[in-house]
Amino acid sequence: MSEEPKIVDTSPVIIELEPGTHAWCACGRSANHPFCDGSHADSGITPVIFDIEETSKVALCACKKTSGAPFCDGSHSAI
Ligand code: FES
């Protein structure tokens, strides 16, 4: 059984990402949030691996309630 993700913040992390593969922290326990650092071990939660094609500014979910992980979908406004 999975633990509940930890709410890191109630607003997204706006960040410019380089092209490549990234791992978004879905558990909220990473010391390197919004990226996975392996702290999800034993939580039953796994990171969301996603690709960025070209350098772009994105809004990554920090409340962990998004339906469109890893990206913010506005769900934080309902917390
Ligand atoms: Fe949170 Fe890996 S540390 S998903």
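Residues numbered from 1 in each chain as written. Predicted model: local features only at pLDDT ≥ 70, side-chain atom pairs only at ≥ 80, totals over all residues. Heavy atoms only, no water.

**A look at the overall build of the protein chain**
Counting secondary structure elements, the protein chain contains zero helices and four strands. When the helices and strands of the protein chain are listed from N to C terminus, the series reads β-β-β-β. Radius of gyration (C-alpha) of the protein chain: 12 Å, near the 12 Å computed for a compact globule of 79 residues. Here the protein chain holds 79 residues, and 29% of them are scored as buried. In the protein chain, the share of contacts with a sequence separation of at least 24, taken over all contacts with a separation of at least 6, comes to 59%. A total accessible area of about 4,700 Å² is found for the protein chain, and carbon and sulfur atoms account for 49% of it. The averaged location of the 11 negative side-chain charges in the protein chain is 9 Å from the averaged location of its 5 positive side-chain charges. (Helix = DSSP H or I, 4+ residues; strand = E, 2+ residues; numbered from the N terminus. Rg over C-alpha atoms; globule rule 2.2 N^0.38 Å. Buried < 20%, exposed > 50% of the residue type's maximum accessible area, 1.4 Å probe, protein only. Contact = heavy atoms within 4.5 Å. Areas by Shrake-Rupley, 256 points an atom, 1.4 Å probe, with all protein chains shown as cover. Lys, Arg positive; Asp, Glu negative; His and termini not counted. Charge placed at Lys NZ, Arg CZ, Asp CG, Glu CD.)

**Looking at the side chain of Ser30**
Structurally, Ser30 can be placed in the loop between strand E2 (20-24) and strand E3 (48-52). By relative accessible area, Ser30 is classed as buried at 10%. For Ser30, the side chain forms a polar contact with the main-chain nitrogen of His33, separated by 3.4 Å. Those residues in contact with Ser30 that sit more than four places away from it in its chain are Cys25, Phe35, Cys36, Asp37 and Ser39. (Polar contact = N/O pair within 3.5 Å; in protein donor to acceptor, adjacent residues only side chain to side chain.)

**Some thoughts on the side chain of Lys64**
Structurally, Lys64 can be placed in the segment after strand E4 (56-60). No salt bridge is formed by the buried Lys64; the nearest opposite charge belongs to Asp9, separated by 10 Å. A polar contact of 2.5 Å, which involves the side chain of Lys64, links it to the backbone oxygen of Cys25. Polar contacts involving the side chain of Lys64 include one to the main-chain carbonyl oxygen of Cys61, which spans 3.5 Å. (Salt bridge = Lys/Arg side-chain N within 4 Å of Asp/Glu carboxyl O.)

**So, the environment of Pro70**
Among the structural elements, Pro70 can be located in the segment after E4. Here Pro70 falls in the buried class, since its relative accessible area comes to 2%. For the pair Pro70 and Lys57, spaced 13 residues apart in the sequence, the C-alpha separation amounts to 13 Å.

**So, the pattern of salt bridges**
This model, assessed by the stated rule, comprises one salt bridge. Ionic pairing is found between Arg29 and Glu3, a salt bridge with its closest N-O pair at 2.7 Å. Of this pair, Arg29 sits in the loop between E2 and E3 while Glu3 is found in the segment before strand E1 (13-17), placing the two residues 26 residues apart along the sequence. By relative accessible area, Arg29 is classed as partly exposed at 30%. Here Glu3 falls in the partly exposed class, since its relative accessible area comes to 37%.

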